[in-house]
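# An overview of the molecular structure
Take a look at the letters that make up each chain.
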Amino acid sequence: MARTATAFDVGIVDDHPVVIDGVRAWLAEAPGIRVRHTGDTAADLRSGAVDVLIVDLNLNGRLVLSDIGELTAEGRRLVVFSQFTDESLVLDVLNMGVAGFVTKSEGQAHLLHAVRAAAADRPYVPPTTAGVLVSDRSPVAPRLSQQERTSLLWWFQSMSKASVARRMGVSVHTVDMYIKRARVKYAQVGRPAPTKTDMLARAIEDGLVTPAELADSPQWTPPPA
């Protein structure tokens with residue numbers, strides 16, 4: 001979790017030292033961004049406590065898609081920085097719930113924007129990702145973590161965020177973060193959900209919640225339009 005909107009810790013995992021050195025130099029120019037962890041293997045994805053992890057898709061000849069999916073499911077913020085631009089691959093990675101996808105040809109400015117947005121749980125869509133989303137016509141459902149799905153379901157059941165927090169055993173801030181991340185993930189796949197009603201519609205469309213689950217709560221009333 002980012003400590004403030006302007007100061008946070010970053011990790012870089014890439015199997016090319018020149019990329020790590022280059023990204024480290026770029027980040028050094030941005031006040032408040034501290035590189036606390038670097039690595040070049042899949043194991044390095046799970047070491048180092050950082051707020052945002054910048055990761056290449058290909059580490060030592062292996063695509064680390066399964067690792068990325070596991071980390072995003074745990075609630076980690078990942079910004080993919082890759083040479084790959086294949087549309088289906090970009091969509092697959094976005095569907096895993098990464099905070100951003102920046103191609104290496106897009107360079108410093110877009111990477112910095114993506115990292116700052118990820119730390120603040122805001123969406124950022126660089127040109128390559130935008131092009132992929134515009135060309136895609138499938139109703140892509142983002143991959144939400146179990147915590148995000150649970151917080152949404154209980155929130156939809158007309159519980160206050162404070163009630164959801166007590167039931168989940170977390171802080172109200174954490175519940176708000178789960179809901180905000182779910183919104184970011186929907187925005188990244190071209191299906192924005194800025195209001196509670198919009199988010200409920202998306203969740204029902206994708207089978208994340210059912211009317212029966214909502215009706216199970218005696219507190220349930222439809223959210224205002």
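Criteria and cut-off values
- Residues numbered from 1 in each chain as written.
- Predicted model: local features only at pLDDT ≥ 70, side-chain atom pairs only at ≥ 80, totals over all residues.
- Heavy atoms only, no water.
- Buried < 20%, exposed > 50% of the residue type's maximum accessible area, 1.4 Å probe, protein only.
- Helix = DSSP H or I, 4+ residues; strand = E, 2+ residues; numbered from the N terminus.
- Pairing = 2+ DSSP bridges.
- Right-handed = clockwise from strand over helix to strand, strands pointing away.
- pLDDT = per-residue confidence, 0-100.
- Contact = heavy atoms within 4.5 Å.
- Salt bridge = Lys/Arg side-chain N within 4 Å of Asp/Glu carboxyl O.

### Focus: the pairing of strand 7 (residues 100-103)
Because side chains alternate across strand 7, one face comprises the buried residues Gly100 and Val102, and the other comprises Phe101 and Thr103, equally buried. In this structure, strand 6 (residues 78-82) lies alongside strand 7, joined through four bridges in parallel fashion. Residue pairing in the sheet places Phe81 in a bridge with Val102 of strand 7. Read from strand 6 through helix 3 (residues 87-95) to strand 7, the crossover connection turns out right-handed.

### Brief notes about the confidence of the model for the protein
Low-pLDDT portions of the prediction should not be read for the details of their coordinates. The pLDDT averaged across the protein works out to 84; a share of 88% of its residues lies at or above 70. The low-confidence segment residues 218-225 (pLDDT under 50) makes 15 contacts with residues lying over four places distant or belonging to another chain.

### Notes on the environment of Glu106
Turning to its location among the elements, Glu106 is positioned in the loop between strand 7 and helix 4 (107-119). Measuring from C-alpha to C-alpha, the distance between Glu106 and Gln83 comes to 9.6 Å, with 23 residues separating the pair along the chain. Once you skip the residues sitting within four places of it in the chain, Glu106 turns out to touch Phe101, Pro126, Pro127 and Thr128.

### Details of unusual backbone geometry
Its identity is not glycine, yet Asn60 carries a phi of approximately 55 degrees, on the positive side. Mapping Asn60 onto the fold places it in the loop between strand 4 (58-59) and strand 5 (62-63). Using a relative accessible area of 52% as the deciding quantity, one classes Asn60 as exposed. The phi torsion at Asp121 lies on the positive side, around 55 degrees, for a residue other than glycine. With respect to the helices and strands, Asp121 occurs in the loop between helix 4 and helix 5 (127-135). Looking at Asp121, the relative accessible area reads 12%, which means it is buried.

### Focus on the pattern of salt bridges
One pass over the structure, following the stated rule, counts 12 salt bridges. Taking the shortest distance from any N to any O, the salt bridge between Asp67 and Arg62 comes out at 3.2 Å. What makes Asp67 buried here is its relative accessible area of 9%. Judged by its relative accessible area of 39%, Arg62 is partly exposed. Salt-bridge contacts for Arg77 lead to Asp121; the nearest nitrogen and oxygen are separated by 3.0 Å. With Arg77 in the loop between helix 2 (65-73) and strand 6 and Asp121 in the loop between helix 4 and helix 5, this residue pair connects regions lying 44 residues apart in the sequence. You can call Arg77 buried: its relative accessible area is 6%.

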